[in-house]
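# Structural overview for review
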Amino acid sequence: GQQLNQSPQSMFIQEGEDVSMNCTSSSIFNTWLWYKQDPGEGPVLLIALYKAGELTSNGRLTAQFGITRKDSFLNISASIPSDVGIYFCAGQLNSNDMRFGAGTRLTVKP
Amino acid sequence: DTGVSQDPRHKITKRGQNVTFRCDPISEHNRLYWYRQTLGQGPEFLTYFQNEAQLEKSRLLSDRFSAERPKGSFSTLEIQRTEQGDSAMYLCASSLAQGNEKLFFGSGTQLSVL
């Protein structure tokens, strides 16, 4: 099946720093989404991308849908302690299920 | 309606027992999904419904698993003869079938099989 490779696996940063994480696939996707998950909770949608090359922002978050449709990145600017959590990318082709990466665990030190 | 709700939040059971989880989607959403998530991994697709019809099932969904959505509203996921390998977070999500799929997840049911 489609395999999403998400990197890095984990990040330890200082409050105020910018963060960048990405997701690559051997398959083409029509939709890329980024989710954040806190411990014991379900994933919460951050950003959805629908067109190759699309760049979308949501506050301090910016995500891009790669031109090849096989990758996406998420940037977080000026990180704050509440950014701590696990960030998942998800890709969808034409089927009605969504494939998730294994997540990037973000730790922000005050 | 404040979002997708799942019940129970936690379930501890002994191997061999049957368990049933419930999901109430966002009220105007006609699609409902079940995912499973193990520690350190992203959610894995199990099955989904459009209204009351179950349209797709993953090969992860063994014959011990059954999902229903009898009236196109809430859904149940039953696991029969549970095994220790069934221990995971079971997540429900819902969406509007409008071409651009934004899945909204519940808080999940954490299953521990002893």
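Below: a short report on this structure. As the structure is a prediction and not an experimental result, all values here were calculated from the model. (Residues numbered from 1 in each chain as written. Chains lettered and ligands numbered in written order. Predicted model: local features only at pLDDT ≥ 70, side-chain atom pairs only at ≥ 80, totals over all residues. Heavy atoms only, no water.)

This paragraph deals with the overall build of chain B. If you tally the helices and strands in chain B, you get zero helices and 11 strands. Taken from N to C terminus, the helices and strands of chain B fall in the order β-β-β-β-β-β-β-β-β-β-β. Relative to the globule expectation of 13 Å for 114 residues, the C-alpha radius of gyration of chain B, 13 Å, shows essentially globular dimensions. Projected onto its principal axes, the C-alpha coordinates of chain B cover approximately 40 × 25 × 25 Å. (Helix = DSSP H or I, 4+ residues; strand = E, 2+ residues; numbered from the N terminus. Rg over C-alpha atoms; globule rule 2.2 N^0.38 Å.)

Right, let's get into the interface of chain A and chain B. Facing the 19 residues of chain A at the interface are 22 residues of chain B. A combined buried area of about 1,700 Å² lies between chain A and chain B, and 52% of that area is made up of carbon and sulfur atoms. The interface formed by chain A and chain B contains one salt bridge. Two residues, A:Glu41 and B:Arg9, come together in a salt bridge whose shortest N-O distance is 3.5 Å. For the pair chain A and chain B, the number of links is six residue pairs in polar contact (both at pLDDT 80 or more). With three residues, the single largest contributor to the side of chain A that touches chain B is strand β4 (residues 31-37) of chain A. Among the residues forming the side of chain A that touches chain B, the class breakdown is 10 nonpolar, seven polar and two charged. (Contact = heavy atoms within 4.5 Å. Buried area = accessible area lost by both parts, 1.4 Å probe. Salt bridge = Lys/Arg side-chain N within 4 Å of Asp/Glu carboxyl O. Polar contact = N/O pair within 3.5 Å; in protein donor to acceptor, adjacent residues only side chain to side chain. Nonpolar A, V, L, I, M, F, W, Y, C, P; charged D, E, K, R; others polar.)

To continue, consider the side chain of A:Ser79. All names here are of chain A. Note that serine 79 resides in the loop between β8 (71-76) and β9 (85-92). At 3.4 Å, the side chain of serine 79 forms a polar contact with the backbone oxygen of glutamine 14. In this structure, serine 79 is in contact with Ile13, Gln14, Glu15, Gly16, Glu17, Val19, Arg60 and Val108, ignoring residues within four places of it in sequence.

One key point about sheets: their strands pair by backbone hydrogen bonds, in either a parallel or an antiparallel sense. Residue and element names in this part refer to chain A. Across the sheet, five strands lie side by side as β1-β3-β8-β7-β6; this open sheet has antiparallel pairing. The open sheet has two edge strands, β1 (4-7) and β6 (55-58), and neither has a second partner. The sheet shows a mean angle of 15 degrees between the axes of neighbouring strands, taken without regard to direction. In this sheet, strand β3 (residues 19-25) lies alongside β1 in antiparallel orientation, the contact comprising four bridges. Across the sheet, residue leucine 4 finds its bridge partner in β3, namely serine 25. (Pairing = 2+ DSSP bridges. Axes fitted to C-alpha atoms, helices over the stretch in contact; angles between N-to-C directions.)

A full pass over the atoms with the stated rule returns 10 aromatic pairs over all chains. Taken together, a centroid distance of 5.9 Å and an interplanar angle of 75 degrees make the contact between A:Phe100 and B:Phe105 edge-to-face. With A:Phe100 in strand β10 (residues 99-100) and B:Phe105 in strand β10 (residues 104-105), the pair connects residues from two separate chains. Classification of A:Phe100 as buried rests on a relative accessible area of 10%. Classification of B:Phe105 as buried rests on a relative accessible area of 11%. Through a chain of ring-to-ring contacts, three or more aromatic side chains come together here, namely A:Tyr35, A:Phe100, B:Tyr35, B:Phe45 and B:Phe105. (Phe/Tyr/Trp six-rings, centres within 6.5 Å; stacked < 30°, edge-to-face > 60°. Buried < 20%, exposed > 50% of the residue type's maximum accessible area, 1.4 Å probe, protein only.)

Enumeration according to the criterion identifies two disulfides over all chains in this entry. Between the sulfur of A:Cys23 and that of A:Cys89 lies a disulfide, 1.8 Å long from S to S. Taken together, the residues A:Cys23 in strand β3 and A:Cys89 in strand β9 connect sequence positions 66 residues apart. This pair shows no difference in class: A:Cys23 is buried, exactly as A:Cys89 is. Disulfide pairing is shown between B:Cys23 and B:Cys92; the S-S distance is 1.8 Å. Handedness here is read from the sign of the S-S torsion; for B:Cys23 and B:Cys92, about -65 degrees, the answer is left-handed. (Disulfide = S-S within 2.5 Å.)

Now for the pattern of salt bridges. Across all of its chains, the model carries six salt bridges over all chains by this definition. A salt bridge links A:Asp38 to A:Lys36; the shortest N-O distance between them is 3.0 Å. Owing to a relative accessible area of 13%, A:Lys36 belongs among the buried residues under this scheme. A salt bridge links B:Glu83 to B:Arg64; its shortest N-O distance comes to 3.4 Å. One end of the pair, B:Glu83, is in the loop between β8 (75-79) and β9 (88-95); the other, B:Arg64, is in the loop between β6 (53-57) and β7 (65-68), and 19 residues separate them in sequence. Note on B:Glu83: relative accessible area 40%, which makes it partly exposed. By relative accessible area, B:Arg64 is classed as buried at 9%. Salt bridges sharing partners connect three or more residues here, namely B:Arg64, B:Glu83 and B:Asp86.

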